[in-house]
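Each chain, written out:
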Amino acid sequence: MLALRGELDYASAAQLREAADAVLAGPQPPALMILDCSALEFCDSSGINVLIGMHQRLAARGGVLRLAGVPGSVTRVFTLTGLDQVIGLYGTVADASATVPGDHGASSVPAAGKRQR
């Protein structure tokens, strides 16, 4: 698990990428990686690109990326960009840990504001 705080933007996205690379470069990358986003205040396109890259690298190895405790303002960005349709959002780290890794679409984030398809 990695904990994010403050802003995930152009200035900080490289730090997250480096931390994720360190975890994923090991001999046995995790089947499940959880990002605790409860202290995340902002995320821009640079941060979204890093999250997508993490998701793709984990998925290529049979792993899953989950975001936990995403604040409402950041959830809105993820919903508007469709990231919530690719990466599972969970209310808490415990929720993200408790579900089966193959269940990519599960989300305990309230459905209010979800896009209609």
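Reading guide: rules and limits
Per chain, residue numbering runs from 1 following the sequence as it is written. pLDDT decides what is reported in this predicted model: residues at 70 or higher carry local features, side-chain atom pairs at 80 or more are listed and counted, and totals for whole chains, interfaces and linings draw on all residues regardless. The basis for the side-chain values is all heavy atoms of the structure; hydrogens and waters are excluded. Buried Ala, Val, Leu, Ile, Met, Phe, Trp, Tyr and Cys residues form a nonpolar core when they are joined through side-chain atoms within 4.5 Å. Exposure categories follow from relative accessible area, calculated using a 1.4 Å probe and restricted to protein chains: below 20% of the type maximum is buried, above 50% is exposed, and the middle band is partly exposed. Numbered from the N terminus, helices here are DSSP runs of H or I no shorter than four residues, and strands are runs of E no shorter than two. Two residues form a contact once any of their heavy atoms are found within 4.5 Å. Strands pair, by our definition, only if DSSP identifies at least two bridges between them. Simply put, an axis is a line fit to the C-alpha atoms, just over the touching stretch for a helix, and the angle between two N-to-C directions goes from 0 to 180 degrees.

*Asks:* Can you help me understand the nonpolar core in this one?
*Replies:* Side chains of nonpolar character tend, in soluble globular proteins, to be buried together. Counting 25 residues, the largest nonpolar core has Leu8, Leu16, Leu35, Leu51, Met54, Leu67 and Phe78 as the members making the most contacts within it. Secondary structure elements with two or more residues in this core: strand E1 (2-8), helix H1 (10-24), strand E2 (32-43), helix H2 (45-60), strand E3 (64-68) and helix H3 (72-81). Sequence-distant contacts of Leu35, defined by excluding residues within four places in its chain, comprise Leu2, Leu4, Leu51, Met54, Leu65, Arg66, Leu67 and Ala68.

*Asks:* What is the right way to look at the sheet that holds strand E4 (residues 88-90) in this model?
*Replies:* Remark on secondary structure: sheet strands pair via backbone hydrogen bonds, oriented parallel or antiparallel. Read from one edge of the open sheet, 4 strands run E1-E2-E3-E4, paired in parallel fashion. Two strands in the sheet have a free side with no partner beyond their single neighbour: E1 and E4. On average, each strand axis in the sheet is tilted by 30° relative to the strand beside it, whichever way the strands run. Judged from the 3 bridges that link them, E3 and E4 form a sheet pairing that is parallel. Looking across to E4, one finds that Arg66 is bridged to Gly88. Here H3 sits on the sheet in contact with E2, E3 and E4, set at roughly 110° to E2.

*Asks:* Before we go on, may I ask you to explain the environment of Leu65 in this structure?
*Replies:* Relative to the helices and strands, Leu65 is located in strand E3. Note on Leu65: relative accessible area 2%, which makes it buried. Contacts of Leu65, omitting those with residues within four sequence positions, involve Met33, Leu35, Leu51, Met54, His55, Leu58, Ile87 and Gly88.

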